[in-house]
Amino acid sequence: MTDKWGRRLFKAGTVALLVLGLVHSLSLIRERVPANDTERQLLGLMSNYKFNLMGSARSMSDMLRGFSVSFMLGALGFALFDLLLWGERPGLLKRAALANIIWLAAMTAVSLRYFFVIPTSFLAATLLIFVLTWLKLPADATS
């Protein structure tokens, strides 16, 4: 089995992870603008009401921002991992693709439950690319 398509798919998955992380980073620089008084009150409470988390005063907005940054860093971290590996032998790429599949499957499951259609579709499409990568790449030959 040739690994040409597997390598192409691995690179496509890597690019998809980069795009996912970069597109998500745009949400971090955008100011939330309330559409009505109820949203204004909600955003005010989320930002201004602080609660004690093991000695640290944090708001719900702080928590959501932290999880959002973590999501972005996860996507960019896996993309960097893949960038460093994409010239390696097919068996190693296959194992790296499996690591991506496991992470993306978990993130897609979380996204289906808690997020909306855009991040879910990005995650599902990237998961599909890495599943195809894993199917196309040959395993290392045993000695």
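Everything here concerns the structure above.
What you see is a predicted model, and the numbers here were worked out from it, not measured in a lab. (Residues numbered from 1 in each chain as written. Predicted model: local features only at pLDDT ≥ 70, side-chain atom pairs only at ≥ 80, totals over all residues. Heavy atoms only, no water.)

Observations concerning the packing of helix H1 (residues 4-29) against helix H4 (residues 90-114)
Remark: H1 packs on H4, axes separated minimally by 11 Å, with the N-to-C direction vectors making an angle of 40 degrees. At the point where H1 passes H4, the crossing takes the left-handed sense. Of the residues in H4, those in contact with Arg7, Phe10 and Leu17 of H1 are Pro90, Leu93, Ala96, Ala97, Asn100, Trp103 and Leu104. Here the contact of H1 with H4 is built from residues that sort into 8 nonpolar, 1 polar and 1 charged. (Axes fitted to C-alpha atoms, helices over the stretch in contact; angles between N-to-C directions. Helix = DSSP H or I, 4+ residues; strand = E, 2+ residues; numbered from the N terminus. Left-handed = near helix turned anticlockwise from the far one by under 90°. Contact = heavy atoms within 4.5 Å. Nonpolar A, V, L, I, M, F, W, Y, C, P; charged D, E, K, R; others polar.)

Comments concerning the pairing of strand S2 (residues 56-59)
Across 4 bridges, the pairing between strand S1 (residues 50-53) and S2 is antiparallel. By the bridge assignment, Asn52 is partnered in S2 with Ala57. The hairpin formed by S1 and S2 contains 2 residues between the paired strands, and Met54 there has a positive phi angle of roughly 55 degrees. (Pairing = 2+ DSSP bridges.)

Distances and angles like these do not, on their own, reveal function.
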